[in-house]
Amino acid sequence: MAPDPHPDESRPPTESGTLWAGRLDAEPAEALMAFTVSLPYDRLLAADDVAASHAHVRGLVRAGLLSEADGVAVAAALDVAGAELATGEFTFAPGDEDIHTAVERRVTELAGDAGARLHTARSRNDQVACDLRLFVKRELAAVASGVLSLQQVLAERAAEAGEARLPAYTHLQRAQPVLLAHHLLAHGWALARDVDRLLDARRRADVSPLGAGASAGTSLPIDPDATAADLGFAARFENSLDAVGDRDFVAESLFALALLGVHLSRLGEEIVWWASEEVAFLRLDDAWATGSSMMPQKKNPDVAELARARAGRLIGNLTGLLATLKGLPLAYNRDLQEDKEPLFDSLTQVRGALAALAGLLGTATFDEARMAAAADDPFLAATDLAEVLVSRGVPFRAAHERIAGVVRAALAGEGAFEDLAAAEVGPEALEILQPGGTLARRTSPGGGGPAAVAAQRERFAARLAADTARLTALDT
């Protein structure tokens with residue numbers, strides 16, 4: 001994507017149809033074209049390329065570099081090309097190495113000499129960066145909307161769960177009882193941070209590089225600020241070298257998507273575990289499970305497993321791009337062509353996982369009786385028993401050791417845990433050891449008890465409403 005050294009913008013392209021072949025005497029080798037072509041995937045940028053080209057044409061007219069009549073003709077040709085691309089009627093030519101070449105070729109076919117002026121004061125270097133930023137702005141907002149949809153499912157299931165309880169786990173060992181709603185909302189709050197990251201990455205992508213040219217701007221009297229405003233960008237670039245060489249916004253997007261994928265993987269892992277016969281806290285709806293080709297009894301959580309697996313793919317996309325970027329000098333290098341496939345893939349995988357997990361969780365059934373039986377394991381009240389002693393003035397470490405001694409004695413068969421605990425703590429221990437007895441005591445803000453979770457549900461609903469408003473504001 002080097003700048004064209006020939007000032008005559010209307011000079012026809014070579015037989016190869018490339019925009020850059022004027023310096024070269026030979027036709028490009030077939031293997032070269034096959035290796036460098038990006039059209040099979042960058043056609044996803046078609047709508048953005050047409051939109052950016054429209055804004056560029058309006059800028060050329062304002063600058064007096066394109067007549068009003070030619071501007072109308074080129075705009076009409078862009079409309080035709082855009083419509084053909086949208087409907088699949090667009091016919092690609094052998095020389096269309098990327099979507100930018102294809103659009104410009106079609107516009108020139110339709111508008112003639114006026115179309116050949118489309119690339120005035122523009123390089124594919126700033127053009128592709130502009131297209132990609134427009135794409136990222138739209139797609140990150142769409143992913144954030146998908147995250148909100150999954151959060152809404154978690155909020156609804158948390159409300160339905162009422163006072164249902166289950167053990168919280170550390171090290172995959174039963175730890176302390178919590179409300180099911182508390183557990184579900186834990187995933188919801190992690191996803192809320194993902195919304196923040198997605199929108200923050202989108203904010204830094206909201207800078208127009210159009211007008212940076214190939215690397216150093218242009219001698220022609222264009223107005224990048226006006227073009228940036230025309231395209232809905234918050235600002236224009238400050239440094240032309242940085243504008244065409246910067247792919248921080250892609251790396252940041254991939255990081256936000258990768259961490260979101262890690263959170264979806266954790267949720268998927270939990271679903272797989274809960275749906276197992278050994279745990280059986282959750283039953284999958286038949287529409288969101290798969291069977292076995294050999295074992296008729298099987299009901300498999302494939303959606304959750306694939307969400308778990310694809311996190312690795314998202315991490316790979318991020319690290320692959322970072323490895324590409326770390327060795328590049330300023331400004332544009334063809335290596336940057338490798339930014340799109342990992343970005344497109346990560347967006348596709350995350351959108352699919354969000355929709356599938358929302359469907360799975362929205363239809364799953366929780367076995368509340370089995371969860372409660374696990375939560376009511378008397379050993380899970382050990383911390384509460386120690387805290388009773390602490391409330392009486394016993395240092396926590398001493399209280400911890402005394403209750404640990406009760407646990408050891410019960411495990412050694414010296415008596416029932418309830419009786420031993422009552423002997424150590426007093427009658428209050430028997431109240432704590434009643435089914436659900438520990439939950440009412442869990443009163444600290446943000447904790448897993450009923451009062452704290454009721455307040456948390458309200459705060460989570462407010463957060464969802466605020467984030468929904470943030471997304472809505474992006475479209476206005």
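Residues numbered from 1 in each chain as written. Predicted model: local features only at pLDDT ≥ 70, side-chain atom pairs only at ≥ 80, totals over all residues. Heavy atoms only, no water.

Chemist: Would you mind going over the pairing of strand 2 (residues 173-179) with me for this structure?
Modeler: Remember that side chains alternate between the two faces of the sheet whenever the strand is regular. Where strand 1 (residues 165-170) meets strand 2, 6 bridges bridge the pair, whose relative direction is antiparallel. The partner of Arg 165 across the bridge, within strand 2, is Leu 179. Taking the residues that link successive antiparallel strands as the turn, the strand 1-strand 2 hairpin has 2 residues, and the phi of His 171 there is positive, at about 60°. (Pairing = 2+ DSSP bridges. Helix = DSSP H or I, 4+ residues; strand = E, 2+ residues; numbered from the N terminus.)

Chemist: Teacher, can you tell me more about the packing of helix 3 (residues 46-62) against helix 4 (residues 68-87) here?
Modeler: When two helices pack together, their arrangement is given by the angle between the helix axes and by the axis-to-axis distance. At a minimum axis separation of 10 Å, helix 3 and helix 4 run at an interaxial angle of 175°. Judged on the interaxial angle alone, helix 4 and helix 3 are roughly antiparallel. Facing Ala 46, Val 50, Ser 53, His 54, Val 57 and Val 61 of helix 3, the residues of helix 4 in contact are Glu 68, Gly 71, Val 74, Ala 75, Leu 78, Asp 79, Gly 82 and Leu 85. A class-by-class count of the residues in the contact of helix 3 with helix 4 yields 8 nonpolar, 4 polar and 2 charged. (Axes fitted to C-alpha atoms, helices over the stretch in contact; angles between N-to-C directions. Parallel < 35°, antiparallel > 145°, perpendicular 65-115°, else oblique. Contact = heavy atoms within 4.5 Å. Nonpolar A, V, L, I, M, F, W, Y, C, P; charged D, E, K, R; others polar.)

Chemist: Would you take a moment to explain the side chain of Asp 49 for this structure?
Modeler: Note on placement: Asp 49 falls in helix 3. Among buried Asp, Glu, Lys and Arg side chains, Asp 49 stands out as unpaired, with Arg 122 the closest opposite charge at 5.5 Å. At a separation of 2.8 Å, a polar atom in the side chain of Asp 49 contacts the side chain of His 100. Discounting residues that sit within four places of it in the chain, Asp 49 has contacts with Ile 99, His 100, Val 103, Gln 127 and Asp 131. (Buried < 20%, exposed > 50% of the residue type's maximum accessible area, 1.4 Å probe, protein only. Lys, Arg positive; Asp, Glu negative; His and termini not counted. Salt bridge = Lys/Arg side-chain N within 4 Å of Asp/Glu carboxyl O. Polar contact = N/O pair within 3.5 Å; in protein donor to acceptor, adjacent residues only side chain to side chain.)

Chemist: Help me understand the pattern of salt bridges in this model?
Modeler: Between side chains of opposite charge, a pair can form when the charged atoms approach closely. One pass over the structure, following the stated rule, counts 37 salt bridges. For Asp 98, the salt bridge is made with Arg 124, and the minimal N-O distance between the two is 2.6 Å. Taken as a pair, Asp 98 in the loop between helix 4 and helix 5 (99-111) and Arg 124 in helix 6 (residues 124-161) lie far apart in primary sequence, 26 residues in all. A salt bridge links Arg 313 to Asp 345, with the nearest nitrogen and oxygen atoms 2.7 Å apart. Linking Arg 313 in helix 11 (residues 302-325) with Asp 345 in helix 12 (residues 340-363), this pair joins segments that are 32 residues apart in sequence. Owing to a relative accessible area of 40%, Arg 313 belongs among the partly exposed residues under this scheme. Judged by its relative accessible area of 17%, Asp 345 falls in the buried class.

Chemist: When you look at the packing of helix 6 against helix 10 (residues 248-275) in this model, what are you seeing that I'm missing?
Modeler: Where helix 6 contacts helix 10, the axes come no closer than 11 Å and their chain directions differ by 20°. In terms of axis orientation, helix 6 runs roughly parallel to helix 10. For the pair helix 6 and helix 10, the sense of crossing is left-handed. Taking contact as the criterion, the partners of Ala 129, Leu 132, Arg 133, Val 136, Leu 140, Val 143, Val 147 and Leu 150 in helix 6 are, on helix 10, Phe 249, Val 250, Ser 253, Leu 257, Leu 260, Leu 264 and Leu 267. Of the residues that constitute the contact of helix 6 with helix 10, the class distribution is 13 nonpolar, 1 polar and 1 charged. (Left-handed = near helix turned anticlockwise from the far one by under 90°.)

Chemist: So what exactly am I meant to see when it comes to helix 16 (residues 417-425) here?
Modeler: For the α-helix, the turn length of 3.6 residues means that residues three or four positions removed from each other point alike. Every buried residue of helix 16 is listed here: Phe 417, Ala 421, Ala 422 and Val 425. One side of helix 16 carries all its buried residues, which in axial view fall inside an arc of 130°. Facing away from the buried side of helix 16 by over 90 degrees, the exposed positions are Asp 419 and Ala 423. Here the buried face of helix 16 lies against helix 14 (382-391), helix 15 (396-411) and helix 17 (428-432). One or two steps after helix 16, the chain reaches Gly 426, where phi turns positive at roughly 110°. (Arc of directions from axis to C-beta.)

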